[in-house]
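Breakdown of the fold
Residues per chain, in single letters:
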Amino acid sequence: MAKGLGKGLDALLPNSGEEVQEISVREIRPNPYQPRKIFTEEGIDELKQSILQHGILQPIIVKKSIKGYEIVVGERRFRAAKEAGLKKVPVIVKNLNDEEMMELAVLENLQREDLTPIEEAIAYQTLLDHLKLTQEELAKRLGKSRPHITNHIRLLTLPKSIQDLISQGKISMGHGRALLGLKNKNNLNAIVEKVTREELNVRQLEMLIQQLNDNVPRETKKKPVQKNVFIREQESILRERFGTTVTITQKKKKGKIEIEFFSEEDLNRILELLD
């Protein structure tokens with residue numbers, strides 16, 4: 001089934017004339033593989049008003065289970081229908097196994113534009129784990145760039161509390177990516193508090209983290225070398241290119257570039273980009 005990933009849901013759910021049925025909302029339960037964790041009240045209420053005025057225009061896709069039916073595609077519609085007080089909803093019953101159900105739920109959500117960066121990251125990780133794909137293979141099948149996939153998945157290495165702040169929109173994905181470059185992870189919470197308290201933008205956070213990473217212990221009696229604007233700009237470009245922390249150190253006429261990686265697969269990804 002994975003071969004249809006890049007073609008969208010239409011390729012995976014072809015219109016083969018299945019009968020639309022009316023099923024009681026009491027018989028339907030959410031998809032256990034649903035990657036979306038946040039359903040805003042405003043979005044559900046807006047959809048509820050549309051349902052009250054026009055009805056459910058697109059049937060919910062469900063799968064028969066032991067205890068009734070499980071939603072494959074259309075959980076927002078289902079939630080809004082319940083809010084609207086509907087007793088029954090139109091559905092199309094699909095004969096799917098658990099893996100196919102998981103894939104469709106993830107793909108349906110990836111095609112939406114209002115996923116949080118963390119939900120998107122979880123969706124990518126779910127597909128990688130269940131389909132046994134590399135990030136490169138997944139990127140090609142979804143029509144995404146590999147750095148896009150990598151940059152999202154790396155957010156999942158942040159503490160849950162920081163992931164929650166990204167999901168809630170209190171800090172951006174750019175802030176999250178900058179925090180990944182902090183060498184002393186014990187400072188994470190204090191830095192995040194400073195970001196939210198002083199409303200630091202991503203560039204200001206990157207500069208703060210660079211200063212902390214460059215800080216040398218007092219006993220060495222050496223002051224951190226201030227990097228010029230050109231070096232900082234190139235570091236930023238390379239971080240975007242490789243999807244990881246890149247440090248440029250310059251001493252007189254020579255210097256070095258350090259590229260950080262987090263696993264063997266991450267190293268292979270960087271080596272392929274360098275090839």
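Please refer to the structure higher up on the page.
The structure presented is a predicted model; accordingly, all values stated were derived computationally and were not measured. (Residues numbered from 1 in each chain as written. Predicted model: local features only at pLDDT ≥ 70, side-chain atom pairs only at ≥ 80, totals over all residues. Heavy atoms only, no water.)

Attention now goes to the nonpolar core. One recurring pattern in soluble globular proteins: nonpolar side chains tend to sit buried together. If you look at the biggest cluster of nonpolar residues, it comprises 20 residues, and the most contacted ones within it are Leu158, Ile162, Ile171, Leu179, Ile191 and Leu205. Those elements that place two or more of their residues in this core are helix H8 (160–167), helix H9 (173–180), helix H10 (188–198) and helix H11 (202–214). Excluding its chain neighbours within four sequence positions, the residues that come into contact with isoleucine 191 are Leu179, Leu182, Leu205, Leu208 and Leu212. (Core = buried A, V, L, I, M, F, W, Y, C linked by side-chain atoms within 4.5 Å. Buried < 20%, exposed > 50% of the residue type's maximum accessible area, 1.4 Å probe, protein only. Helix = DSSP H or I, 4+ residues; strand = E, 2+ residues; numbered from the N terminus. Contact = heavy atoms within 4.5 Å.)

Here six bridges tie strand E6 (residues 246–251) to strand E7 (residues 254–259), and the two strands are oriented antiparallel to one another. Looking across to E7, one finds that lysine 251 is bridged to lysine 254. Connecting E6 to the antiparallel partner E7 that follows it, the hairpin turn spans two residues, and lysine 252 within it adopts a positive phi of roughly 50°. (Pairing = 2+ DSSP bridges.)

Inspection of the secondary structure assignment puts histidine 175 in helix H9. Since its relative accessible area comes to 10%, histidine 175 is described here as buried. From its side chain, histidine 175 meets the backbone oxygen of leucine 200 in a polar contact 2.8 Å long. Ignoring sequence-local partners within four residues, the contact set of histidine 175 consists of Val195, Leu200, Asn201, Val202 and Leu205. (Polar contact = N/O pair within 3.5 Å; in protein donor to acceptor, adjacent residues only side chain to side chain.)

Moving on to the packing of H9 against H11. Orientation of H9 relative to H11, taken along the N-to-C sense of each, is 10°, at an axis distance of 9 Å. On the basis of their axis angle, the class for H9 and H11 is roughly parallel. In this structure, H9 uses Gly174, His175, Ala178 and Leu179 to contact H11, whose residues at the interface are Val202, Leu205, Glu206 and Ile209. Class assignment for the residues of the contact of H9 with H11 results in five nonpolar, two polar and one charged. (Axes fitted to C-alpha atoms, helices over the stretch in contact; angles between N-to-C directions. Parallel < 35°, antiparallel > 145°, perpendicular 65-115°, else oblique. Nonpolar A, V, L, I, M, F, W, Y, C, P; charged D, E, K, R; others polar.)

Attention shifts here to H10. At 3.6 residues per turn, the α-helix brings residues three or four places apart onto the same side. Of the residues making up H10, those classed as buried are Leu188, Ile191, Val192 and Val195. One face of H10 carries all of its buried residues, which in axial projection span an arc of 100°. In this structure, H10 carries Ala190, Glu193 and Arg197 as exposed residues pointing more than 90 degrees from its buried face. Turning to H10, the residues buried within the fold contact H8, H9 and H11. At the C-terminal side of H10, glutamate 199 shows a positive phi close to 55°. (Arc of directions from axis to C-beta.)

Glancing now at the sheet that holds strand E1 (residues 21–24). Here five strands make up an open sheet; going across it, the order is E1-E5-E3-E4-E2 and the pairing mixed. Single-partner strands in this sheet number two, and they are E1 and strand E2 (28–29). Inspection of the sheet shows strand E3 (residues 60–65) paired to strand E4 (residues 68–73) by five bridges, in the antiparallel sense. Counterpart to lysine 63 in the pairing with E4 is glutamate 70. Sitting on the sheet, helix H3 (residues 75–83) touches E2, E3, E4 and strand E5 (88–94), and the angle it makes with E4 is about 125°.

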